[in-house]
Amino acid sequence: MAILPIVEVPDPVLRKVCEPVAEVTDEVRGIVADMFDTMYDARGIGLAASQVGILQRIVVIDLQERPEGDEGDEGAGDEADADAGGTRNPHAFINPELLSVSEETSTYNEGCLSIPEQYAEVTRPARCHVRWLDTDGQSHEQEFDGLMATCMQHEIDHLNGVLFTDHISRLKRGMLMKKLDKMRRNG
Ligand code: NI
């Protein structure tokens, strides 16, 4: 178990497409455990393996009993300032695949541990049907809605080298990156 350094923009590793996990081994389970440690330490609600520099299709999510539908609060996506006092409900998704998404959309104010302290409203399909392997290598399929649907799509995007800022206008993206630069300069 270890807390891994989180890769931040503009590191090119965040733009890489992650490889499918061929077999769920103890090594993969070790990566999942480290990803949970890292996510909880950063007070996030989701983390994709590429965010810790591992180019494999692995995602961890724990909404920690955040109530659904609280749009407007900072951070769907993976940076959410998760309440450390919340009940942990860890989920690992290996090789997650979006099988289908709803026509209906929803909008959340998203953040990302790789783009620290920057948020923007992102509109995505409101529901998604996902297939994945668990840490025993068993296959599952489920439809998600609410914050979980948004978080799942945000994390699967990471596995494909896509960031939430790719879903907003160029103008908004420029403003957000300027704010990030300023924040970094001010330490
Ligand atoms: Ni993210």
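From a predicted model like this one, the values you see are computed outputs, not experimental measurements. (Residues numbered from 1 in each chain as written. Predicted model: local features only at pLDDT ≥ 70, side-chain atom pairs only at ≥ 80, totals over all residues. Heavy atoms only, no water.)

This part takes up the overall build of the chain. Secondary structure summary: the chain contains three helices and eight strands in total. N-terminal to C-terminal, the α/β element order of the chain is α-β-β-β-β-β-β-β-β-α-α. Taken over the C-alpha trace, the chain has a radius of gyration of 15 Å; the compact-globule value for 187 residues is 16 Å, and the two agree within 12%. The proportion of buried residues among the 187 residues of the chain is 50%. Sequence separation of at least 24 residues holds for 72% of the intrachain contacts in the chain that already meet a minimum separation of 6. Just so you have it, the chain exposes about 9200 Å², and 47% of that area is on carbon and sulfur atoms. Here the chain holds 18 positive side-chain charges and 35 negative ones, and the gap between their average locations is 10 Å. (Helix = DSSP H or I, 4+ residues; strand = E, 2+ residues; numbered from the N terminus. Rg over C-alpha atoms; globule rule 2.2 N^0.38 Å. Buried < 20%, exposed > 50% of the residue type's maximum accessible area, 1.4 Å probe, protein only. Contact = heavy atoms within 4.5 Å. Areas by Shrake-Rupley, 256 points an atom, 1.4 Å probe, with all protein chains shown as cover. Lys, Arg positive; Asp, Glu negative; His and termini not counted. Charge placed at Lys NZ, Arg CZ, Asp CG, Glu CD.)

A few words on unusual backbone geometry. For the peptide bond that leads from Val9 to Pro10, omega is 5 degrees, which places it in the cis range. Structurally, Pro10 can be placed in the segment before α1 (26-41). Positive phi is not limited to glycine here, since Glu117 has a value of about 60 degrees. Counting through the fold element by element, Glu117 comes out in strand β6 (residues 115-125).

So, about helix α3 (residues 170-185). Taking 1.5 Å of rise per residue, the 16 residues of α3 would be expected to cover 22 Å, and the 22 Å separating its terminal C-alpha atoms lies within 8% of that figure. Gly187 sits one or two positions beyond α3 and adopts a positive phi of about 70 degrees. (Expected span 1.5 Å × (residues − 1).)

This paragraph deals with the nonpolar core. With 19 residues, the main nonpolar core has Ile61, Leu63, Phe93, Val130, Phe144, Met148 and Met152 as its most contacted residues. Looking at this core, the elements that each hand over two or more residues are β2 (58-61), β7 (128-133) and α2 (146-159). Tallying contributions element by element places α2 first for this core, with seven residues. Residue contacts for Ile61: discarding those within four places in its chain leaves Phe36, Met39, Ile45, Gly46, Asn89, Pro90, His91, Phe93, Met148, Cys151, Met152 and Glu155. Core analysis: the second largest hydrophobic core is formed by 18 residues, Val24, Val28, Ile31 and Ile94 among them. (Core = buried A, V, L, I, M, F, W, Y, C linked by side-chain atoms within 4.5 Å.)

Our next topic: α1. With 16 residues, α1 extends 22 Å between its outermost C-alpha atoms, agreeing within 8% with the 22 Å of an ideal straight helix rising 1.5 Å per residue. Considered for burial, the residues of α1 that qualify are Val28, Ile31, Val32, Asp34, Met35, Phe36, Asp37, Thr38, Met39 and Tyr40. Those residues of α1 that are buried are in contact with β1 (46-48), β2 and β4 (91-101). Where α1 terminates, the next one or two residues include Arg43, which has phi positive at roughly 60 degrees.

Turning our attention to the side chain of Glu155. Assignment of secondary structure puts Glu155 in helix α2. One buried charged residue, Glu155, remains without a salt bridge, the closest side chain of opposite sign being Arg124 at 8.4 Å. (Salt bridge = Lys/Arg side-chain N within 4 Å of Asp/Glu carboxyl O.)

To continue, consider the pairing of β2. Side chains of β2 alternate between two faces, with Ile58 and Val60 and Val59 and Ile61 buried alike. Relative to β2, β1 runs antiparallel, the two sharing three bridges. Within the sheet, the bridge partner assigned to Gly46 lies in β2 and is Ile61. Here four bridges tie β2 to β4, and the two strands are oriented antiparallel to one another. Note on β4: the bridge partner recorded for Ile61 is His91. (Pairing = 2+ DSSP bridges.)

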